[in-house]
Amino acid sequence: MRSGIRGTIVESCGVAWPICIGYVAVGIAFGVLAAQAGFSLIQIALMSVIVFAGSAQFIAVSMISSGAGIIAVILTAFMVNLRHVLMSSSLSLFLKGTHRGLLSAFAYGITDETFAVNLIRFNRGDWDVRRALIVNQSANAFWIVSTVAGGYLGELVPPGSFGIDYALTAMFLCLLVFQLSGKITVLVSAAAGIFSVAFFLLLPGNFHVILASILAATLGVFLKTFSEKSPSREGTGHVV
Amino acid sequence: MSFEAYLLCIIGMGFVTYIPRWAPLIYLSRRTIPVLFSEWLRLIPAGILSALVVPSLFISKETGHLALFQGEFIVAIPTLLLAWKTKSLALTVIAGMLMYHLWQTYV
């Protein structure tokens with residue numbers, strides 16, 4: 001861990017850049033879409049600042065432009081973003097006794113991507129809330145600027161140049177690999193992947209991520225408890 | 001939708017998005033939580049990362065239906081291997097983008 005303000009910022013940006021690349025791609029796509037749906041640059045900027053949640057923003061644009069009411073849009077945003085409860089809960093393990101003001105600022109920037117990156121670093125043990133906050137706010141800044149740029153540039157940017165659409169997928173795949181340590185985590189992630197696809201196809205709405213993760217993690221705890229109590233597991237080498 | 005209604009709408013969206021991000025942090029970071037619950041929480045990341053990314057590999061963006069052997073999945077195989085072998089996020093992201101670009105251009 002570097003010391004000093006400059007070192008902290010350099011280190012956090014070194015961690016945040018894959019998110020920033022991904023957000024440029026998704027943000028421009030969002031801006032283009034919103035501009036085509038008749039949203040002004042101010043409206044795009046305000047939504048990116050106030051909401052800061054990719055998928056919910058896409059859904060809101062399509063709902064609003066097809067004439068949905070305020071309550072319906074807000075309720076949908078709530079359901080789509082409820083998965084952050086799980087992310088915030090698992091980050092809380094590393095933030096015991098942190099100042100409430102800092103936590104409140106940090107909470108604003110918890111997205112799928114910043115969660116994944118910060119959690120890996122917290123797990124390694126060389127991370128703190130200030131560095132995590134810089135990661136969140138860099139991602140936030142890139143998101144706001146890219147969505148507005150997308151609205152401004154319209155269709156000048158060819159969609160999906162340089163494989164940029166794959167930046168976040170590749171990042172998630174890599175962070176998933178970093179999470180795998182032992183049989184239980186492999187089983188949990190395999191189960192979550194299968195559940196998530198199945199729920200995506202079978203259930204209406206956007207509950208597949210949250211349901212799949214809850215179910216898979218619960219299964220994992222059962223397996224772990226069972227395998228620890230099982231007499232056939234005596235001896236060494238059984239690492240979870 | 002008028003500008004006032006729009007403003008109300010995004011403030012509402014912002015509120016219901018912020019609370020799920022904020023409440024667990026504030027509540028859980030002040031408490032000792034049961035061992036079983038913290039073990040569950042430790043398994044959540046492996047679950048959630050997989051639940052987030054796997055549908056994008058196997059579900060077609062265009063149709064919303066199952067598409068088992070699309071580029072997203074094919075490119076994911078070398079990307080996963082690279083992540084596992086190199087343990088480097090930077091290399092994995094850049095190589096993944098490059099491979100996806102090649103796939104889209106030539107396949």
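Residues numbered from 1 in each chain as written. Chains lettered and ligands numbered in written order. Predicted model: local features only at pLDDT ≥ 70, side-chain atom pairs only at ≥ 80, totals over all residues. Heavy atoms only, no water.

Undergrad: Explain the interface of chain B and chain A here, please?
TA: Interfaces are often sized by the accessible area lost when the parts come together. Counting from both sides, the interface comprises 72 residues of chain B and, opposite them, 93 residues of chain A. For the pairing of chain B and chain A, the buried interface totals around 7000 Å² over both sides, and the portion due to carbon and sulfur atoms is 78%. When the buried area of chain B at its contact with chain A is split by residue, Arg21, Leu25 and Leu43 of chain B rank highest and sum to 11% of it. Summed over the shared surface of chain B and chain A, the number is one salt bridge. (Contact = heavy atoms within 4.5 Å. Buried area = accessible area lost by both parts, 1.4 Å probe. Salt bridge = Lys/Arg side-chain N within 4 Å of Asp/Glu carboxyl O.)

Undergrad: How do you make sense of the pattern of salt bridges when you look at a structure like this?
TA: When charged atoms on two side chains of opposite charge get close, those side chains can pair. All names here are of chain A. What the rule picks out here adds up to seven salt bridges over all chains. Glu11 serves as the salt-bridge partner of Arg131, at 2.8 Å between the closest nitrogen and oxygen. Taken together, the positions of Arg131 in helix H8 (residues 129–153) and Glu11 in helix H1 (residues 4–36) put the pair 120 residues apart, joining distant regions of the chain. Exposure remark for Arg131: the relative accessible area of 4% places this residue in the buried category. Residue classification places Glu11 among the buried residues on the basis of a relative accessible area of 14%. The partner of Asp112 in a salt bridge is Arg83, with the nearest N and O atoms 2.9 Å apart. (Helix = DSSP H or I, 4+ residues; strand = E, 2+ residues; numbered from the N terminus. Buried < 20%, exposed > 50% of the residue type's maximum accessible area, 1.4 Å probe, protein only.)

Undergrad: Before we go on, may I ask you to explain the side chain of Ser213 of chain A in this structure?
TA: Inspection of the secondary structure assignment puts Ser213 of chain A in helix H11 (residues 208–229). Of note is the side chain of Ser213 of chain A, whose polar atom sits 2.4 Å from the backbone oxygen of Val209 of chain A. Setting aside residues up to four positions removed in sequence, Ser213 of chain A forms contacts with Leu86 of chain A together with Ile44, Gly47, Ile48 and Ala51 of chain B. (Polar contact = N/O pair within 3.5 Å; in protein donor to acceptor, adjacent residues only side chain to side chain.)

Undergrad: Would you take a moment to explain H1 of chain A for this structure?
TA: Think of an α-helix as 3.6 residues a turn; residues three or four steps apart then line up on the same face. Residue and element names in this part refer to chain A. An ideal rise of 1.5 Å per residue puts 48 Å on 33 residues; H1 measures up with 45 Å between its terminal C-alpha atoms. Most pronounced at Ala16, the bend in H1 amounts to some 50 degrees, and the proline Pro18 follows within four residues. Residue Gly38 follows H1 closely and has a positive phi angle near 95 degrees. (Expected span 1.5 Å × (residues − 1). Bend = angle between axes of the 7 residues up to and from the residue.)

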